[in-house]
Amino acid sequence: MSIPAGIFDRVDLEVKVKDVYRQVALAPEGKYHFEVGRPLAERLGYPARLLDSIPAGAVESFAGVGYFFDLARLSLGERVLDLGSGSGTDSFAAAVSVGSGGEVVGLDMTPEQLHKAGELQRTGGFANVAFREGHIEELPFEDGSFDCVISNGVINLSPDKAAVFSEASRVLRSGGRLVIADIVSGRALTPEIVCNTELWAACVGGAEQLGVYEQLIADSGLTLRERKKNPYTFLSGRARRATDTYGITSLSLVASKDSKAH
Ligand SMILES: C[S@@+](CC[C@H](N)C(=O)[O-])C[C@H]1O[C@@H](n2cnc3c(N)ncnc32)[C@H](O)[C@@H]1O
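Remember, predicted model here, so these are calculated numbers, not experimental data.

Caption draft 1: Highlighting the overall build of the protein. Helix and strand content of the protein: 12 helices and eight strands. Here the protein has a C-alpha radius of gyration of 17 Å; the compact-globule value for 262 residues is 18 Å, and the two agree. The dimensions of the protein, computed from C-alpha atoms along their principal axes, are 50 × 45 × 30 Å. Once local pairs closer than 6 in sequence are excluded, the contacts in the protein between residues at least 24 apart make up 77%.

This is the structure:
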């Protein structure tokens, strides 16, 4: 995606993204371009039993775009990193799968999301989960630190997706996997949509074309293994019109780091 110079302000974008997801943490019952909460999670395929086993306060602010734990196949003892962990739904879900011998780190840049997730971690007694502040384009972790990197509805929000995939690949151990759900487009978006930071923060404006998105994953040294479409729809008329016109969809995918990468 080419971002026209001088029109698109990354600082302004980060402010807008944080504004939206601060509200999602503090007022999940509010009105957004997208759906939030447990009914969304159930429709995307999260088993009710899994949702029952994680804090309700996290699920009420769930703003993911797909289900991927069937693809992630997490096992006991694994180390998992959740990029853009929000209020923690996927971090807590991963923690249930990896057990007390495993470890989950959720990373996010929005203080209110981190605060909410951190409180739920403490009160829920999830000793194998920690939440950290940071940007997904520059991960504060050593090379090869994780077995699995997950992310739900976040990478589309980044103006530097190449850096996100490169960092995810770097922190994965050899043989590890990236398992994500994200919004992509069928056609190139117009500059008017790309430069609209409100639509970007709503997970529409930053949707990369699928072919480019997959190439960025390949360029980071990861190999795409599986992909599936998610039953995700936006709520607002404006976001829906853009998705109809440009073939915007939600996908879940797995990409693995083979022994040659990094
Ligand atoms: C659509 S929400 C998804 C949250 C969570 N994954 C879920 O499923 O509920 C996007 C989250 O990504 C975070 N985020 C967006 N861009 C980020 C970036 N560049 N670095 C770190 N966090 C980011 C936001 O703060 C927000 O919490």
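Caption draft 2: Region of the structure containing unusual backbone geometry. The backbone of Arg73 shows a phi angle near 45 degrees, a positive value even though the residue is not glycine. Structurally, the position occupied by Arg73 is in the loop between helix H5 (69–72) and strand S1 (79–83). Of note in the backbone geometry, Cys203 takes a positive phi value of approximately 75 degrees without being a glycine. Along the chain, Cys203 turns up in the loop between helix H10 (197–201) and strand S6 (208–209).

Caption draft 3: Quick peek at the site of the ligand. By nearness alone, 22 residues border the ligand, and Gly64, Gly84, Gly86, Met109 and Thr110 come closest of all. Among the secondary structure elements, those contributing two or more residues to the shell around the ligand are helix H1 (10–26) and helix H6 (89–98). Tallied by class, the residues present in the shell around the ligand amount to eight nonpolar, 11 polar and three charged.

Caption draft 4: Structural context of the packing of H1 against helix H7 (residues 111–124). The geometry of H1 relative to H7 is characterised by a closest axis approach of 7 Å and an angle of 30 degrees between their N-to-C directions. Classified by the interaxial angle, the pair formed by H1 and H7 is roughly parallel. The handedness of the crossing between H1 and H7 comes out as left-handed. Here H1 contributes Tyr21, Arg22, Ala25 and Leu26 to the contact with H7, which in turn contributes Glu112, Gln113 and Lys116. Among the residues making up the contact of H1 with H7, the classes are represented as three nonpolar, one polar and three charged.

Caption draft 5: Molecular detail of the environment of His33. Checked against the element boundaries, His33 lands in the loop between H1 and helix H2 (38–44). If near-sequence neighbours (up to four positions away) are discounted, His33 is found in contact with Ala202, Phe234, Leu235, Ser236 and Ala239.

Caption draft 6: Quick peek at H1. If you check H1, its first and last C-alpha atoms are 24 Å apart, about what 17 residues at 1.5 Å a residue would give, namely 24 Å. Those residues of H1 that fall on the buried side of the exposure criterion are Leu13, Lys16, Val17, Val20, Tyr21, Val24 and Ala25.

Caption draft 7: Quick peek at the packing of helix H8 (residues 161–171) against helix H11 (residues 210–219). With their axes 8 Å apart at the nearest point, H8 and H11 run at an angle of 40 degrees to one another. Overall, the two elements H8 and H11 adopt an arrangement that is oblique. As for how H8 packs across H11, the hand of that crossing is right-handed. Touching Lys161, Ala162 and Phe165 of H8 are Leu216, Ile217 and Asp219, all from H11. Among the residues making up the contact of H8 with H11, the classes are represented as four nonpolar, no polar and two charged.

Caption draft 8: Representation of helix H12 (residues 237–246) in the model. Along H12, the residues that are buried comprise Ala239, Ala242 and Thr243. All buried residues of H12 lie within an arc of 100 degrees about the axis, which places them on one face of the element. Turned more than 90 degrees from where H12 packs its buried face, Gly237, Arg241 and Asp244 sit exposed.

What counts, and where the lines are drawn
- Residues numbered from 1 in each chain as written.
- Predicted model: local features only at pLDDT ≥ 70, side-chain atom pairs only at ≥ 80, totals over all residues.
- Helix = DSSP H or I, 4+ residues; strand = E, 2+ residues; numbered from the N terminus.
- Rg over C-alpha atoms; globule rule 2.2 N^0.38 Å.
- Contact = placed C-beta atoms within 7 Å.
- Near = placed C-beta within 6 Å.
- Nonpolar A, V, L, I, M, F, W, Y, C, P; charged D, E, K, R; others polar.
- Axes fitted to C-alpha atoms, helices over the stretch in contact; angles between N-to-C directions.
- Parallel < 35°, antiparallel > 145°, perpendicular 65-115°, else oblique.
- Left-handed = near helix turned anticlockwise from the far one by under 90°.
- Expected span 1.5 Å × (residues − 1).
- Buried ≥ 20, exposed ≤ 12 C-beta atoms within 10 Å, placed from the backbone.
- Arc of directions from axis to C-beta.

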